[in-house]
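# Understanding the architecture of this molecule
If you want the building blocks of each chain, they are given just below.
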Amino acid sequence: MSEKSESYKVISDNRQARYLYEILETFEAGVELTGTEVKSIRAGKVNLQDGYALIRNGEAWLINVHISPYNASGQYFNHEPRRTRKLLLHRQEIRKLIGKVEQQGLTLVPLKMYFKRGWVKVSIALGKGKKIHDKRESLKKRQDQREMQRAMKNY
């Protein structure tokens with residue numbers, strides 16, 4: 001029997017998170033959603049820009065992620081765009097995150113949202129906020145990499 005390869009379709013990517021935070025560790029989490037939210041996600045109407053995750057009472061929550069209301073249905077059954085959504089993680093992962101977030105003062109940031117075998121998954125990362133000089137340093141490093149690539153291309 002051949003195993004089907006793990007393929008996933010990225011819906012939304014939070015590129016700014018990698019610029020604002022130093023990513024230390026990533027986790028994959030499921031998201032508890034309503035029907036209209038899934039339909040909007042399939043249409044690609046998601047914004048992870050201002051989103052973050054919190055751990056409250058031993059549960060992980062995704063906060064401030066904007067999923068646009070679904071247009072094809074009536075407004076009565078639609079969802080709140082910025083509602084707090086529950087993240088589905090294993091207990092051991094949540095315990096590990098509690099320790100890191102509370103003791104070390106790290107932030108949980110959503111990096112990307114994608115479909116994996118029909119399920120909506122979110123990649124969340126433990127991030128440490130970058131200072132201004134760190135941002136400048138990473139910009140300079142990226143420019144140097146580009147210049148080296150250009151030089152290699154010519155030879």
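Here's a quick rundown of the structure. The structure displayed is predicted, hence computed values, not measured ones.

So, on to unusual backbone geometry. Despite not being glycine, Asn57 has its phi angle at roughly 55 degrees, a positive value. One can find Asn57 in the loop between strand 4 (52–56) and strand 5 (59–63). Under the relative-accessibility criterion, Asn57 is labelled exposed at 79%.

Core analysis: the biggest nonpolar cluster contains 24 residues, and Ile41, Val46, Leu87, Leu89, Leu97, Met113 and Ile124 have the highest contact counts within it. Contributions of two or more residues to this core are made by strand 2 (21–31), strand 5, helix 3 (91–104), strand 8 (107–116) and strand 9 (119–129). Of the residues forming this core, the biggest block, 4 residues, is contributed by strand 9.

Definitions and limits used
Residues numbered from 1 in each chain as written. Predicted model: local features only at pLDDT ≥ 70, side-chain atom pairs only at ≥ 80, totals over all residues. Heavy atoms only, no water. Helix = DSSP H or I, 4+ residues; strand = E, 2+ residues; numbered from the N terminus. Buried < 20%, exposed > 50% of the residue type's maximum accessible area, 1.4 Å probe, protein only. Core = buried A, V, L, I, M, F, W, Y, C linked by side-chain atoms within 4.5 Å.

Keep in mind that these numbers describe shape and distance, not what the molecule does.
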